[in-house]
Amino acid sequence: MSTASSISSRFQKIRCSKLSTTATLIDGIPVTFIISKLHQMGPNYLDDKSTSFAELYVDGIERPFWIHKEWLILQSRFFREEVFEKVKSHNSIIHIKVPSPENFESLLEFLYDGNADKLYDTLTQDNYYNVWKNIEFLGLGPEIKAVCIAFYQNQVELNTRT
């Protein structure tokens, strides 16, 4: 059994809508520890069709994303409460609409790898507000918000003062 499948089987015991990054334990393991382990494995699973739970289509993006429930339910209120509460079967096709589709892929990548520097490098003065709208819409946690806030403080505020 793959590591992702083993993690997924543990989540089946837990009602997904009750999870959040502020939850303390899942089967006695801190949620933050589980997320850090998922981030370590994430680059191997990002957009991997052979291990995915579902095929995700985002309005405004032509290609599908192959997503894994494990990464998304622990880090996104939207996926936990709006998507996976309704989609129960493996190999489903999911369609969603986000405020700024052109900025979705970098956020999804962050949810898999947790690489704040890489996400920061995708931000520009023209897109940071749209990225923020997606973060809010998807109900993402404080770690990803911190990246956007740091960019705003380091780039936007700094440039408006000079």
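Residues numbered from 1 in each chain as written. Predicted model: local features only at pLDDT ≥ 70, side-chain atom pairs only at ≥ 80, totals over all residues. Heavy atoms only, no water.

**A look at the environment of D48**
The cut-off we apply is this: Strands are runs of DSSP state E lasting at least 2 residues, helices are runs of H or I lasting at least 4, and numbering of each runs from the N terminus. Each residue's exposure class comes from its accessible area (1.4 Å probe, protein chains only) as a fraction of the maximum for that residue type: buried when under 20%, exposed when over 50%, partly exposed otherwise. Here, residues are in contact when the closest pair of their heavy atoms is within 4.5 Å.
Positionally, D48 belongs in the loop between helix 2 (31-45) and strand 3 (54-58). D48 sits in the partly exposed class, given a relative accessible area of 22%. Apart from the residues within four sequence positions on either side, D48 is in contact with W66 and H68.

**As for helix 5 (residues 104-113)**
Taking burial as the measure, the 10 residues of helix 5 include eight buried ones, the bulk of the element. Among the residues of helix 5, F104, S106, L107, L108, F110, L111, Y112 and D113 are the ones counted as buried. Positioned one or two residues after helix 5, G114 has a phi angle of 65°, which is positive.

**Side note on the sheet that holds strand 3**
Note the threshold: Whether two strands pair comes down to DSSP finding at least two bridges between them. With axes taken as lines fitted to C-alpha atoms, and helix axes fitted only over the stretch in contact, angles between N-to-C directions fall between 0 and 180 degrees.
Reading across the sheet, the three strands line up as 4-3-5 and stay open at both edges, with mixed pairing between neighbours. Edge positions in the open sheet fall to strand 4 (65-67) and strand 5 (92-96), since each of these has one partner strand only. Strand-to-strand, the axes of this sheet are offset by a mean angle of 35°, without reference to chain direction. Summarising the sheet, strand 3 and strand 4 pair through three bridges and their orientation is antiparallel. Paired with A54 across the strands is I67, a residue of strand 4.

**A few points about unusual backbone geometry**
A positive phi is found at D47, a non-glycine position, where the angle reads about 60°. Within the element layout of this structure, D47 appears in the loop between helix 2 and strand 3. Here D47 falls in the partly exposed class, since its relative accessible area comes to 27%. Even without a glycine there, the phi angle at N91 is positive, about 65°. Along the polypeptide, N91 turns up in the loop between helix 4 (77-83) and strand 5.

**Description of the nonpolar core**
Note the threshold: Joining through side-chain atoms within 4.5 Å is the link that ties buried Ala, Val, Leu, Ile, Met, Phe, Trp, Tyr and Cys residues into a set, and such a set is a nonpolar core.
By size, the foremost hydrophobic cluster in this structure holds 44 residues, and its most contacted members are L56, I67, F79, F84, I94, I96 and F104. Not counting residues up to four positions away in its chain, the partners in contact with I94 are A54, E55, L56, Y57, I67, V83, F84 and V87.

**What about the packing of helix 2 against helix 5?**
Packed helices, taken two at a time, are described by their axes: the angle between them and the distance between them. We apply this condition: In these notes the angle categories are as follows: under 35 degrees is roughly parallel, over 145 is roughly antiparallel, 65 to 115 is roughly perpendicular, and the rest is oblique. Any residue that is not Ala, Val, Leu, Ile, Met, Phe, Trp, Tyr, Cys, Pro, Asp, Glu, Lys or Arg is counted as polar, Gly included; the first ten are nonpolar and the last four charged.
Where helix 2 contacts helix 5, the two axes come as close as 6 Å, and the packing angle between them is 125°. With respect to helix 5, the element helix 2 is oriented oblique. Contact residues: L38, H39, G42, P43 and Y45 in helix 2; F110, L111, Y112 and D113 in helix 5. Here the contact of helix 2 with helix 5 is built from residues that sort into six nonpolar, two polar and one charged.

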